[in-house]
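So you can see what is in the structure, the chains are spelled out below.
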Amino acid sequence: MVLYCATDREIAQDLIDQFQQETGIHVEAKFDTEAAKAVGLVQAIRQEKAHPQCDVLWGGGAYFCTILANDGCLASAPDDLIQAEGAAPHDSLGRWLGFAASYRVLIVNTDVLAPESRPHSYRDLTDPRFKGRIGIANPLFGGMAAHVSALFAKFGEAQGRQWLTDLKQNDCALCAGMADVKNRVASGELWFGITSTIDAHVAVDAGKPVTVIFPDQGPGDIGCLSGFGTVALVAGAPHPAEADKLLRFLLTTRTEKILAAGPGQNVGLLPESVAENVRPAWIPQGLKLMDVDWDAAVSAHPAAVQAIKEILLNQ
Amino acid sequence: MKRRPGILAVAAILLAAAIVFSPLVATLTATRLHSLAEAFHGLAGTLGGSAAIAGVSALVALLLGVPLAILVERSRRSVNRVCWALALAVLMVPPYLVAESSIVLLGPAGRISRLVATLLGFGPHSTNPIDLARFAVPGFVYTRAAVGMVMGGCLFPIVALAVASAFRRTDLRIFESARLAQGRRGVFRIAAHVLIPPALGAALLVFAVTLTEFAVPQLLRVRTIGEAVYEQIQEGELATAAALGLPLLPIVVAAGALGAYLLARARVASLSVLEGEVPKYTDRRAGARANLPAIIMTLFAVIPALVLPVTSLTWLVITAKLPPSSSTGRDGWPQPFSVATAQAPPIGTHRVLRASGFLPSLRGAWELAHDDAIRTVLLAGLVATLATAFAIALIRVTFRLRWRPILGVLGAGLAVPAPLIGLGLILLWDHGWSAAIYQGLAVVILAWCARFLPVAIFLTQGALARVPRELESAAALAGRRPFERLLSVVLPNAAPGLVAAWLAMYVLSATEFSATLLIAPPGSPLLAPSVVNLMRRGQDPEIAACQVLLLAVIALPLIPLAAARLSRTTEWLARRPAMPQPKEAANARQ
């Protein structure tokens, strides 16, 4: 069977090997890179729609999976798998199923910001105290595009544009990706920025002078944006039976435990994982999460892109 | 009989055009082309900025490449080889690594820039650790000029190769005559006449390659037309994405055609090398005294694309040691890998690169990617061989008909953004009848040829133009057939230039990832995408290990080549007779 894997190879390879050992099914995997932005495997699946080569897409996130689903590139998962998701995020038709959460957090350089002056909200990116020393990934692409679209969907276009305008006035750096944000904050070039828990953990684990803040946890705050892994069956896939087995292998608490212990540092989302509290110890329990309607986020995307171009890129 | 070369030439040109342009045409016709005006709205500045970056890149390549070629060509043979080895090593370093190292060393928080600024007295006048940590150097790393400098610094060997090729095939007596007639001014005038055309042709090639670069401008936070193309692809608007690249095509076509035309016109072939007794032009500082300027110029030229990345990498390697895990890490963090469950994960440990230092990380990277590395070396070698052989055939058949300037049009292929090539190939080959090609490595060969065949053609043209026509005519008079003449006369004489073309094709292919990522068959990953993937979550030891692995694999074919050249040099030094100095030769003739 063929797996298109937008999840990092470092995270995914052992699980793929284990699946092969357990089932005897040979998996031919194709991996993505962050540098390709969203023009990697997602676009390959789009272009292969007439003659699908891929059986399962692992990764890509809810945002790009919703786009693929709306394009008719994804098939519904079996009902029992959809039901087994419980409260875990998933497409209502089961065209993508979510598991293994990560979060969009603030990564802060501890050498330049004392504890009392550190930011605590996405809104702090617009605080003049930090002018010229803040960064986000280029919001035209990848995860940050999804993030901005989610904000537009939640707060409306007017507030979204205002946030972008404030970012512009605060000389926010548009970095090449979330890993780039992490690197620049760790070096002290930027004081803080938005990145994922996966990237933030890399810097913390390496002993860089950074700390992670889960933003907007106070009363009335919007909460931290949660990303999560997704798996999806490709419509018209050549090996549906094998694809089904891989989905059942991935969507288990055992897999989520492995992902939590590995470099992905994910938090379990499946019902049994939630009951067992599968999470890396450093990620706090009871996080307040932003409520995102990913269908609405996809709908808000054109307005968000237009605003990004006009406001951040002067186009 | 006379029609046969014409048919062959047309067939060869059409084949080359199909290889280079078919993905673009496929993407142009993939989706309905609508709202083109809207797509271009507000992009005038971006287009202009992209052109400015490409202009800076070409200028930097000229400023580094031309003097380097002239000075190194005038140096002694042993110095010449070392200098060229260093200059060509620049081509092995992917530009995105150069950009990253420029940020690490010269950026606002750069290791060098901050140190220099502090030494110059611009540092914070405070002992407060926070003030010290906040000190940043306002620099130019995040500017268009910096993007151009990085790209020009990486691509200057193309200019240097073209200039050196012209220099070598020039009858050196004309310099001697010019010096006798007009002194140094005369030498400059002749040099300008001989060297400017190939230098400009190669600089235009650099201009074209820079136009569609995506990774470097992204890293240096500069918006280019390449980013707009990516954006349209993300939206699924392939035709619009392809259309955005169209304004670049005429520029590159003009550049390529001009380059090919200039290259053809600038041919100053001579038999002087064979005559042996003609004293070589030595200028006033020739011989051993020419070595120092050559070495200085080479060291200066390789600073951006070789010295900076190597310095950055060395720093990483030396400091690449992770702190030991503790139950509470910095800032009160708990042990990062612990899982808040009672049971340990039931299946094996993660095969991650993360380890205690550089060497374990390198071993981990090799374990994960050694199949990818071997596959990449073999495939890139095959592509380089096929492309160079095809370029030789193409140039030979078009040469007879004086159609070579047409080949400049193929240079437009360099203006096609890499993802469009990948997606175009999916559209072209993902069908039932072509499954064997699309599902195998053949599609990767097509992608790399589509991206870089124009480079192979350009460099091969220069190499073949170096061969004196008189030699081939003599072989023809001696009864040698065309293929025999090619094997016994043309290829041996053009060998250095052809090797350069092969190497350029090999290195560019082996480091390509934007198109490769899209079309590499599942289960057969290739090294560049794998390394970029592994570096994504990299800590210092892993990043250093991945960079070393990539550079080592790219350099692999150079080792036997360098060994062969070194043994030839040693042999030559042992056998060579004492060279007469110009005055001695003149006395002897008298």
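Residues numbered from 1 in each chain as written. Chains lettered and ligands numbered in written order. Predicted model: local features only at pLDDT ≥ 70, side-chain atom pairs only at ≥ 80, totals over all residues. Heavy atoms only, no water.

## Overview of helix H20 (residues 442–465) of chain B
Maximal helix bending in H20(B) amounts to about 55°, located at B:Phe452; proline B:Pro454 follows within four positions. Counting buried residues in H20(B) gives 22 out of 24 residues, a clear majority hidden from the surface. (Bend = angle between axes of the 7 residues up to and from the residue. Helix = DSSP H or I, 4+ residues; strand = E, 2+ residues; numbered from the N terminus. Buried < 20%, exposed > 50% of the residue type's maximum accessible area, 1.4 Å probe, protein only.)

## A look at the interface of chain B and chain A
Facing 82 residues of chain B, the contacting portion of chain A comprises 91 residues. Interface area, chain B with chain A, both sides summed: about 7,500 Å², of which 54% is carbon and sulfur. In this assembly, chain B and chain A are joined by four salt bridges. The shortest N-O distance in the salt bridge between B:Arg221 and A:Glu189 comes to 3.1 Å. When grouped by side-chain class, the residues that make up the side of chain B that touches chain A number 44 nonpolar, 20 polar and 18 charged. (Contact = heavy atoms within 4.5 Å. Buried area = accessible area lost by both parts, 1.4 Å probe. Salt bridge = Lys/Arg side-chain N within 4 Å of Asp/Glu carboxyl O. Nonpolar A, V, L, I, M, F, W, Y, C, P; charged D, E, K, R; others polar.)

## A look at the packing of aromatic side chains
The final tally for this structure, using the stated rule, is 13 aromatic pairs over all chains. Measuring from centroid to centroid gives 5.4 Å for B:Tyr96 and B:Phe513, while their planes differ by 85°, and the two rings are edge-to-face. Here B:Tyr96 is found in helix H5 (residues 95–106), whereas its partner B:Phe513 is found in the loop between helix H22 (482–511) and helix H23 (516–519), with 417 residues between them in sequence. Each member of the pair, B:Tyr96 together with B:Phe513, is buried. Members of the aromatic cluster, connected to one another through ring pairs, are A:Tyr103, A:Phe214 and A:Trp282. When the ring centre of A:Trp191 is taken as origin, the NZ or CZ atom of B:Arg134, which lies over that ring, is 4.3 Å away. Positioned over the ring face of B:Tyr142 is B:Arg221, at 3.8 Å from the centre of the ring. (Phe/Tyr/Trp six-rings, centres within 6.5 Å; stacked < 30°, edge-to-face > 60°. Lys NZ or Arg CZ within 6 Å of the ring centre and 35° of its normal.)

## Concerning the side chain of B:Ser530
Position of B:Ser530 relative to the elements: it lies in helix H24 (residues 527–536). Within the local environment of B:Ser530, its side chain forms a polar contact with the backbone oxygen of B:Leu526, the two atoms lying 3.1 Å apart. In contact with B:Ser530, not counting residues within four places along its chain, are A:Arg9, B:Asp372 and B:Pro525. (Polar contact = N/O pair within 3.5 Å; in protein donor to acceptor, adjacent residues only side chain to side chain.)

## Concerning a nonpolar patch on the surface
A cluster of nonpolar side chains, B:Leu106, B:Ile112, B:Val116, B:Leu120 and B:Phe122, forms an exposed patch at the surface whose accessible area comes to about 470 Å². A relative accessible area of 34% places B:Ile112 in the partly exposed class. (Patch = residues over 30% accessible without salt bridge, like charges linked within 9 Å, V, L, I, M, F, W, Y side chains within 5 Å. Areas by Shrake-Rupley, 256 points an atom, 1.4 Å probe, with all protein chains shown as cover.)

## Considerations on unusual backbone geometry
Leaving glycine aside, a negative phi is the common case for residues, and trans is the common case for peptide bonds. Residues and elements named next belong to chain A. Phi at Ala100 takes a positive value of approximately 55°, unusual for a residue other than glycine. Looking at the secondary structure, you find Ala100 in strand S5 (residues 97–109). For Ala100, a relative accessible area of 4% translates into the label buried.

## Considerations on helix H3 (residues 61–70) of chain A
All names here are of chain A. When you tally the buried positions in H3, you get nine out of 10 residues, the bulk of the element. Buried residues of H3: Gly61, Ala62, Tyr63, Phe64, Cys65, Thr66, Ile67, Leu68 and Ala69, and no others. Directly after H3, the chain includes Gly72, whose backbone phi takes a positive value near 80°.

## Comments concerning the environment of B:Leu518
Within the secondary structure, B:Leu518 sits in helix H23. Placed 96 residues apart in sequence, B:Leu518 and B:Gly422 show a C-alpha to C-alpha distance of 5.6 Å.

## Considerations on the pattern of salt bridges
Tallying each qualifying case throughout the model produces 23 salt bridges over all chains. Put simply, A:Arg123 and A:Asp221 hold a salt bridge, and the shortest N to O gap is 3.5 Å. Of this pair, A:Arg123 sits in the loop between S5 and strand S6 (134–137) while A:Asp221 sits in the loop between strand S9 (210–213) and strand S10 (226–234); the two residues are 98 residues apart in sequence, bridging distant segments of the chain. What emerges from the salt-bridge pattern is a single network uniting A:Lys309, B:Arg223, B:Glu227 and B:Glu231.

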